[in-house]
Amino acid sequence: MTEQKPVTESTAQKVPALPDAQTVTEVKHYTDRLFSFKCTRPASLRFRSGEFVMIGLMGGPDPKTGKQKPLLRAYSIASPSWDEEMEFYSIKVQDGPLTSKLQHIQPGDEVILRPKPVGTLVHDALIPGKRIWFFATGTGFAPFASLLREPQTYQDYDEVIITHTCREAGELTYGRDLIEALKDDELLNEVIGEDFWKKIKYYPTTTREESAKMGRITDLIRSGEAYADLDVEPLNPESDRAMICGNLAFNLELKEMLEEAGLEEGANSKPAQYVVEKAFLD
Ligand SMILES: Cc1cc2nc3c(=O)[nH]c(=O)nc-3n(C[C@H](O)[C@H](O)[C@H](O)COP(=O)(O)OP(=O)(O)OC[C@H]3O[C@@H](n4cnc5c(N)ncnc54)[C@H](O)[C@@H]3O)c2cc1C
Ligand SMILES: NC(=O)c1ccc[n+]([C@@H]2O[C@H](COP(=O)([O-])OP(=O)(O)OC[C@H]3O[C@@H](n4cnc5c(N)ncnc54)[C@H](OP(=O)(O)O)[C@@H]3O)[C@@H](O)[C@H]2O)c1
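Being a predicted model, the structure only gives us computed values, none of them experimental. (Residues numbered from 1 in each chain as written. Chains lettered and ligands numbered in written order. Predicted model: local features only at pLDDT ≥ 70, side-chain atom pairs only at ≥ 80, totals over all residues. Heavy atoms only, no water.)

**Here we look at the overall build of the protein chain**
Then comes step 1: Each helix and strand counted, the protein chain has eight helices and eleven strands in total.
Then comes step 2: For the protein chain, whose C-alpha radius of gyration is 21 Å, the value lies close to the compact-globule estimate of 19 Å for 282 residues.
Then comes step 3: If you line up the protein chain on its principal axes, its C-alpha atoms span 75 × 40 × 35 Å.
Then comes step 4: Split into buried and exposed, the 282 residues of the protein chain put 46% on the buried side.
Then comes step 5: Of the contacts formed within the protein chain by residues at least 6 apart in sequence, a portion of 72% connects residues at least 24 apart.
Then comes step 6: Of the roughly 14800 Å² of accessible surface on the protein chain, 50% is carried by carbon and sulfur atoms.
Then comes step 7: The positive charge centre, built from 33 side chains, and the negative charge centre, built from 46, are 6 Å apart in the protein chain. (Helix = DSSP H or I, 4+ residues; strand = E, 2+ residues; numbered from the N terminus. Rg over C-alpha atoms; globule rule 2.2 N^0.38 Å. Buried < 20%, exposed > 50% of the residue type's maximum accessible area, 1.4 Å probe, protein only. Contact = heavy atoms within 4.5 Å. Areas by Shrake-Rupley, 256 points an atom, 1.4 Å probe, with all protein chains shown as cover. Lys, Arg positive; Asp, Glu negative; His and termini not counted. Charge placed at Lys NZ, Arg CZ, Asp CG, Glu CD.)

**Observations regarding the packing of aromatic side chains**
Any pair of aromatic rings gets described here by the distance separating the centres and the angle formed by the planes.
Then comes step 1: The final tally for this structure, using the stated rule, is eleven aromatic pairs.
Then comes step 2: Ring geometry for Phe35 and Phe37: centres 6.0 Å apart, planes at 20 degrees, overall stacked. Like Phe35, the residue Phe37 is buried in the burial classification.
Then comes step 3: Residues Phe134 and Phe144 carry aromatic rings whose centres are separated by 4.8 Å and whose planes lie at 15 degrees to one another, so their mutual orientation is stacked. With Phe134 in strand E7 (residues 131-137) and Phe144 in helix H2 (residues 142-147), the pair connects residues that are ten residues apart, well separated along the chain. For the pair shown, Phe134 and Phe144 are each scored as buried.
Then comes step 4: Counting every residue linked through ring pairs, the aromatic cluster contains Tyr30, Tyr89, Phe141 and Tyr174.
Then comes step 5: One Lys or Arg, Lys183, reaches over the ring of Trp197 and ends 4.1 Å from the middle of that ring. (Phe/Tyr/Trp six-rings, centres within 6.5 Å; stacked < 30°, edge-to-face > 60°. Lys NZ or Arg CZ within 6 Å of the ring centre and 35° of its normal.)

**Things to note about the sheet that holds strand E5 (residues 85-91)**
Then comes step 1: One open sheet accounts for six strands, arranged E4-E3-E6-E1-E2-E5; its pairing is antiparallel. In the strand order of this sheet, the two ends are held by strand E4 (68-76) and E5, each with one partner. Each strand of the sheet is rotated relative to its neighbour by a mean of 40 degrees, with strand direction disregarded.
Then comes step 2: As paired strands, strand E2 (residues 34-40) and E5 are joined by seven bridges and run antiparallel to one another. Bridge pairing in E5 links Phe37 to Phe88. (Pairing = 2+ DSSP bridges. Axes fitted to C-alpha atoms, helices over the stretch in contact; angles between N-to-C directions.)

**Points about the site of ligand 2**
Then comes step 1: For ligand 2, the set of nearby residues contains 15 residues, the closest of which are Arg167, Thr207, Arg208, Asn247 and Glu253.
Then comes step 2: Between an oxygen atom of ligand 2 and a side-chain N or O atom of Arg208, the distance comes to 2.6 Å.
Then comes step 3: Computed on the free molecule, ligand 2 has an accessible area of 870 Å², of which 72% lies beneath the protein chains in the complex.
Then comes step 4: Within the residue set of the shell around ligand 2, elements represented by two or more residues are strand E8 (159-166) and helix H8 (248-260).
Then comes step 5: Residue classes in the shell around ligand 2 are distributed as three nonpolar, five polar and seven charged. (Near = heavy atom within 4 Å. Polar contact = N/O pair within 3.5 Å; in protein donor to acceptor, adjacent residues only side chain to side chain. Nonpolar A, V, L, I, M, F, W, Y, C, P; charged D, E, K, R; others polar.)

**Quick look at the site of ligand 1**
Then comes step 1: Around ligand 1, a shell composed of 20 residues is seen, among which Ala74, Tyr75, Tyr89, Thr99 and Thr139 lie nearest.
Then comes step 2: At 2.7 Å, a backbone N or O of Ala74 approaches an oxygen atom of ligand 1.
Then comes step 3: One nitrogen or oxygen atom from the side chain of Thr99 is found 2.6 Å from an oxygen atom belonging to ligand 1.
Then comes step 4: Secondary-structure elements contributing two or more residues to the shell around ligand 1 are E4 and E5.
Then comes step 5: The dominant element in the shell around ligand 1, judged by the number of residues it contributes, is E4, at four residues.
Then comes step 6: In terms of residue class, the shell around ligand 1 is made up of twelve nonpolar, five polar and three charged.

Right under this line is the structure:
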C-alpha cells in the first residue's frame, strides 16, 4: 500500500483556475482607452520579438449549456524575447467582449495566454539592410515595443526609425516612456554598447490634438517633411527595411508607398524588404 501524505498548504500544488493561466504582475493605465500590463511567462514559451499570441479571460456562462469558454483575442507581445515577464499594450473598447473586462484586471488576477506565438513582424522575414523603419498607429506600437528592446535590432541595423501616429497626445505616452527608458536598458548597453540608443530616431505625430508634430506619417513622408525633420535620405530599396503595424487603411497606404519606393513585401517563408501586420481586425 502506498503511504498517503496529508495535503497541507505547503505540499498542495496550486492548481490554475484557468487553462493556460498566467498571473498579472503589473497594470498601468495611460488614457481612458489605453493600458498596459505584465504577467508571468509560461516556462516553456519561446517567441521571436515582434510576434503575437492569443490572450484572454474566461467568458460568461453560455445561456443554454451553462458552460464557460475562454474569450481570446490576438495580442502582440510588447516585451522582448529575452524578458522573464510578458508585457501587453491594450486598447479598452467599452463594449468590446474582451477589453470591457480586461481593462479591470489587477495584479494577482489570472489571464489566459495560449503559448503559440506567430507573426510576420520578425527580423527573420527581412533580408539584411542598413536602416529599419518601424511604422505604427495606435496600439500598433506594441510589436515595436518588443523589437526596440531586442538586441538584434541594433546588431542588424545602423539606424532605427520609429514613427507613431495617434489621434491624441496622451496616446503617445506609452511609446515615449518606453523609448526614454531605453537609454538605461542594461542588456542593450552591455550587448550593443553605450551609444546604441543614438541609432534610434523617434517620430511621434498626432492628428486630432495639438502636439509638437501634427499630421499622418503617410502625408508627412509624401511631402518630404518627415525626411527633413529626421534629417534622413528618402526610402530606398537598397538600404531600407520596414515593418508596418496599424489600422487597415494605414497599412494599405504605407504598403503602396513602400512598393512605389521599390521595396518588396516579405514573409517568414520568403524574406524581403518590408513586412506588415494589422494592429486590429476591422
Ligand atoms: C495580429 C493582431 C494583433 C493584435 N494586437 C493587439 C495589441 O497588441 N493590443 C491591442 O489592444 N489589440 C490588439 N489586437 C486587437 C485585439 O485582438 C482585440 O480586437 C482587442 O483586444 C479588442 O477586443 P474586444 O473583444 O474588446 O473587442 P473586438 O470585438 O475585438 O473589437 C471591437 C472593435 O474595437 C476596435 N478595436 C479593436 N482592437 C483595437 C485596437 N487595438 N485599437 C483600436 N481599436 C481597436 C475595432 O473597431 C473593433 O472592431 C490585435 C489584433 C490582431 C489581429
Ligand atoms: N482615439 C480616440 O480618441 C477614439 C475615441 C473614441 C473612439 N475611437 C474609436 O476607436 C477606433 C480606433 O481608434 P484609434 O484612434 O485607436 O485608431 P485609428 O482610428 O486607427 O487612428 C490612429 C491614427 O492613425 C491615423 N490614420 C488612420 N488612417 C490612416 C491612414 N490611412 N494613413 C495614415 N494614418 C492614418 C489616424 O489619423 P486620423 O485622425 O487622421 O484618422 C490616427 O492618428 C476607431 O473606430 C475610433 O472611432 C477612438
